[in-house]
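# Report on the structure
Here's the letter readout for the chains.
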Amino acid sequence: GAVVSQHPSRVICKSGTSVKIECRSLDFQATTMFWYRQFPKQSLMLMATSNEGSKATYEQGVEKDKFLINHASLTLSTLTVTSAHPEDSSFYICSARSPARSTDTQYFGPGTRLTVL
Amino acid sequence: QKEVEQDPGPLSVPEGAIVSLNCTYSNSAFQYFMWYRQYSRKGPELLMYTYSSGNKEDGRFTAQVDKSSKYISLFIRDSQPSDSATYLCAMSYSGGGADGLTFGKGTHLIIQP
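All values reported here derive from a predicted model rather than from experimental measurement.

About the criteria used
Residues numbered from 1 in each chain as written. Chains lettered and ligands numbered in written order. Predicted model: local features only at pLDDT ≥ 70, side-chain atom pairs only at ≥ 80, totals over all residues. Heavy atoms only, no water. Salt bridge = Lys/Arg side-chain N within 4 Å of Asp/Glu carboxyl O. Helix = DSSP H or I, 4+ residues; strand = E, 2+ residues; numbered from the N terminus. Buried < 20%, exposed > 50% of the residue type's maximum accessible area, 1.4 Å probe, protein only. Contact = heavy atoms within 4.5 Å. Buried area = accessible area lost by both parts, 1.4 Å probe. Polar contact = N/O pair within 3.5 Å; in protein donor to acceptor, adjacent residues only side chain to side chain. Nonpolar A, V, L, I, M, F, W, Y, C, P; charged D, E, K, R; others polar.

## Some thoughts on the pattern of salt bridges
Residues and elements named next belong to chain B.
- Per the counting criterion, the structure on display carries 5 salt bridges over all chains.
- Between arginine 77 and glutamate 57 there is a salt bridge; the shortest N-O distance is 3.4 Å. With arginine 77 in the loop between strand S8 (71-76) and strand S9 (85-92) and glutamate 57 in strand S6 (residues 54-58), the pair connects residues that are 20 residues apart, well separated along the chain.
- Assessed through its relative accessible area of 27%, arginine 77 is described here as partly exposed.
- Glutamate 57 sits in the exposed class, given a relative accessible area of 59%.
- Arginine 60 is paired through a salt bridge with aspartate 83; the nearest N and O atoms lie 2.9 Å apart. Of this pair, arginine 60 sits in the loop between S6 and strand S7 (61-66) while aspartate 83 sits in the loop between S8 and S9, and the two are 23 residues apart along the sequence.

Here's what the structure looks like:
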């Protein structure tokens, strides 16, 4: 149980284009989803928190106009990196929370590796 | 000073040894403490979840939290090559992952056959 998927697993794009990453909770309904970014040999850094049907809350230093988050349903959240640049290249990981589960914590997806050329 | 400090390693031990992994933190408001295992280019997998100070055991894994010292540990008994991975400590202010988690950098563990 507690399966979270991400699509795509890897994406390469040209500078200036936009990329959409999907995060789905497959066997539970997620009231809250989180987006993290992980640079090589660094810890996961929280980017934003999204609750179904409401606007995402962004961490300090994260541009909301650049990283668009939509949480349209209890099983799907999307992160769109707009006008991507090489410095946006990173490993993006989502997590999902379901208070209904016996261990109420965050379950992580497998991550999406973004490379911007 | 970073909120969560974790030695990145690598930590290399022989198969069968007891492994001790640790994190220190500075913010006393953290109440919930987790350990995740992450294989290369994969998402973190939850191993242990504890609230406040104390010990918790699950199979070969034992998590310890000492809030007075702001120090948490993960012990792995009878270590196996398949335990080779990066181990991340994480913590949050409120329960159940309602808040985003604050992670350590992760310790790269290598179990030598």
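The rest of the description comes next.
## Section: the interface of chain B and chain A
- Residue-level contacts link 20 residues of chain B with 21 residues of chain A.
- A combined buried area of about 1600 Å² lies between chain B and chain A, and 55% of that area is made up of carbon and sulfur atoms.
- For the interface between chain B and chain A, the tally reads 4 residue pairs in polar contact (both at pLDDT 80 or more).
- Listed by contribution, the elements that provide at least two residues to the side of chain B that touches chain A are strand S4 (32-38) and strand S5 (45-51) of chain B.
- Among the elements that make up the side of chain B that touches chain A, the one with the highest residue count is S4 of chain B (3 residues).
- Residues of the side of chain B that touches chain A, tallied by class, amount to 9 nonpolar, 7 polar and 4 charged.

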